[in-house]
Every structure is written in C-alpha cells, then in structure tokens.
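Coordinate inspection notes
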Amino acid sequence: MLTPLMAQGSEGGNMQDDYVIEQMISAKAIAARIEALSREIETRFAGTEKLVVVGLLRGSFVFIADLVRELQLPVEVDFLEASSYGNAMESSREVRILKDLRGEIAGRDVLVVEDIVDTGHTLRHVINFLGHRDPKRLETIALLDKPSRREVDVRASWTGFEIPDAFVVGYGIDYAQRNRNLPYIGVVRMRS
Ligand code: IMP
C-alpha cells in the first residue's frame, strides 16, 4: 500500500503544491539489496588490483556512496557526467558527455554506477564511450530499471530493482533538481 508522504512541489508560500511523493522502495530495502549485490560484485571482481567505480552524475551520487562502503574490494572512485533530462520528465535521446573521468581506465576493471536505466540511451552511450578506452573488464550496475520504457537493447550487469513506468525521485534522484535528499525511492504523483 502506497502512502502519500509529503508534498514537495512548492517553492514556498506563493506556489501551489503540485505533486506528492509516495514511497515505493524503503531505505531499509535499498540497503539490503546493496548488501546482496555487493557480494555478487566481489565475486565477479575477486582478485582485482583495484576496481574503478565510475558514478554517473548526478543521480548516482547517493547510490555510489553506499555501494563503495559496502564493497570489500580495493576501489578507486571517479565520476562521469552525461546530459539527461534537464528539468523535464522526458528523456532526450541525444546523450552528450559533459564531464569526463579524471583517471585512466585502459587495462583496468571498471564498474559503472547508474541510477536508473529508462530508455537505455544513456547507458548504451556510456558503455560505448568507455569501451573504446580498452578497460580490462567493464561492468555496469543500475539501482533501478524500467524495462517497459526501453528503446535501446541494453541491460546493466546488475540491477537493484525493476520498477514500472513511473517517475521516481529520492536516494539521489531528482525531479527538477529537488528531492535528491529523500532517503527512500518515491513516485511523483501530480495533483490534478
Ligand atoms: P535513459 O537514457 O532514458 O535510460 O535515462 C537515464 C537517465 O534519465 C537516468 O540516469 C536519470 O537521470 C533520468 N531518469 C530516468 N527516469 C527517471 C525518473 O523516473 N526520475 C528521475 N530521473 C529519471
């Protein structure tokens, strides 16, 4: 049963609250899933000299923070920024790299950390972009997957949760740059 938790659509007294957020995945469920996924990732990368964990800005910043603290592997953290939604709820199909990695990945083990795979354009683009640099292994993890929205045939190596076609926020994920600080994943419901 989904419960409306709070209205977050207002910028203060002048605007009306235009949406509510209903919890979809609790902070506790996310933590348990990250623990389980970390054990699988450790097995996959057992013996690695150092795993380069690449967070896709900005939506993955909370997920990557929890993930690297759970992973019992030597890790290096780097970030990549790809263009995405802007302030709208619609995906742009043209993906651009806005910020490149600081470090080299040639011959190294790499794990790309994405918040959501939606149409799949972003993940596809990032895999191609980094794949050209000849990493030893290139794997991907997405906290959320909306398979019903896919336009490109791409799948993360690991997925936290498959979700239906809904616009979600929280745990690093925004709607118009808001709600990233919610500790859970919630669905945005527009008020009529
Ligand atoms: P894709 O290229 O369509 O797969 O979109 C990937 C990016 O779109 C994600 O990394 C998010 O930044 C953004 N996105 C997709 N779905 C949502 C959502 O429900 N809420 C907020 N951002 C989303």
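Above this text sits the structure in question.
The present account deals with the structure reproduced in this document. Note that the structure is predicted; figures quoted are calculated from it, not measured. (Residues numbered from 1 in each chain as written. Predicted model: local features only at pLDDT ≥ 70, side-chain atom pairs only at ≥ 80, totals over all residues. Heavy atoms only, no water.)

Glancing now at the side chain of K146. Topologically, K146 is positioned in the loop between β7 (137-145) and β8 (158-162). If we skip the residues at most four places from it in the chain, K146 touches I116, V117, D118, I163, P164, D165, A166 and F167. (Helix = DSSP H or I, 4+ residues; strand = E, 2+ residues; numbered from the N terminus. Contact = heavy atoms within 4.5 Å.)

A few words now on the nonpolar core. Core analysis: the biggest nonpolar cluster contains 29 residues, and I41, I141, L144 and I185 have the highest contact counts within it. At the level of elements, α1 (27-44), β3 (51-57), α2 (61-70), β6 (109-117), β7, β8 and β10 (185-190) are the ones that each hand at least two residues to this core. Leaving out residues up to four positions away in the same chain, I185 has contacts with E22, Q23, M24, I25, I30, L143, L144, V168, V169, G170, Y171 and I173. In this structure, L80, L101, V112 and V126 belong to the second largest nonpolar core, which totals ten residues. (Core = buried A, V, L, I, M, F, W, Y, C linked by side-chain atoms within 4.5 Å. Buried < 20%, exposed > 50% of the residue type's maximum accessible area, 1.4 Å probe, protein only.)

Around the ligand there are 18 residues in total, and D115, T119, T122, K146 and V168 lie nearest to it. The separation between an oxygen atom of the ligand and a polar side-chain atom of T122 is 2.5 Å. Between a nitrogen atom of the ligand and a main-chain N or O atom of V168, the distance comes to 2.7 Å. If you list the elements that add at least two residues to the shell around the ligand, you get β6 and α3 (121-131). Along the lines of polarity and charge, the residues of the shell around the ligand split into seven nonpolar, six polar and five charged. (Near = heavy atom within 4 Å. Polar contact = N/O pair within 3.5 Å; in protein donor to acceptor, adjacent residues only side chain to side chain. Nonpolar A, V, L, I, M, F, W, Y, C, P; charged D, E, K, R; others polar.)

On the basis of which strands lie adjacent, the open sheet formed by six strands has the order β5-β4-β3-β6-β7-β8 and mixed pairing. The sheet is open, and its two borders are formed by β5 (97-99) and β8, each paired with just one other strand. Direction aside, the axes of adjacent strands within the sheet are offset by 25° on average. Where β7 and β8 come together, four bridges link them in parallel fashion. Counted as the bridge partner of D145 is E162 from β8. (Pairing = 2+ DSSP bridges. Axes fitted to C-alpha atoms, helices over the stretch in contact; angles between N-to-C directions.)

Among the residues making up α2, those that are buried are F63, I64, L67 and V68. For α2, the arc enclosing every buried residue in end-on projection is 120°, short of the 170-degree limit, so these residues lie on one face. If you follow the buried residues of α2, they end up packed against α1, β3, β4 (75-82), β6 and β7. (Arc of directions from axis to C-beta.)

The final tally for this structure, using the stated rule, is two aromatic pairs. Judged by centre distance (5.1 Å) and plane angle (70°), the ring pair of Y19 and Y175 falls under edge-to-face. Taken together, the positions of Y19 in strand β2 (residues 19-25) and Y175 in the loop between β9 (168-169) and β10 put the pair 156 residues apart, joining distant regions of the chain. Y175 carries the same exposure label as Y19, and that label is buried. Seen in terms of ring centroids, F167 and Y175 are 5.6 Å apart; in terms of plane orientation they differ by 70°. Their pairing is edge-to-face. The structure contains a cluster of three or more aromatic residues connected by ring pairs, namely Y19, F167 and Y175. (Phe/Tyr/Trp six-rings, centres within 6.5 Å; stacked < 30°, edge-to-face > 60°.)

With 18 residues, α1 should cover 26 Å at 1.5 Å per step; its first-to-last C-alpha distance of 26 Å lies within 8% of that length. Restricting attention to buried positions, one finds in α1 the residues I30, I34, L37, S38, I41 and E42. Seen along its axis, α1 keeps its buried residues to an arc of 145°; they face one direction. Away from its buried face, by an angle of more than 90 degrees, α1 presents the exposed residues K28 and T43. (Expected span 1.5 Å × (residues − 1).)

Tallying each qualifying case throughout the model produces 15 salt bridges. Close ionic contact of D118 with K146 constitutes a salt bridge, the shortest N to O distance being 3.7 Å. Taken as a pair, D118 in the loop between β6 and α3 and K146 in the loop between β7 and β8 lie far apart in primary sequence, 28 residues in all. Residue D118 is classed as buried on the basis of its relative accessible area of 8%. By relative accessible area, which is 5% here, K146 ends up buried. (Salt bridge = Lys/Arg side-chain N within 4 Å of Asp/Glu carboxyl O.)

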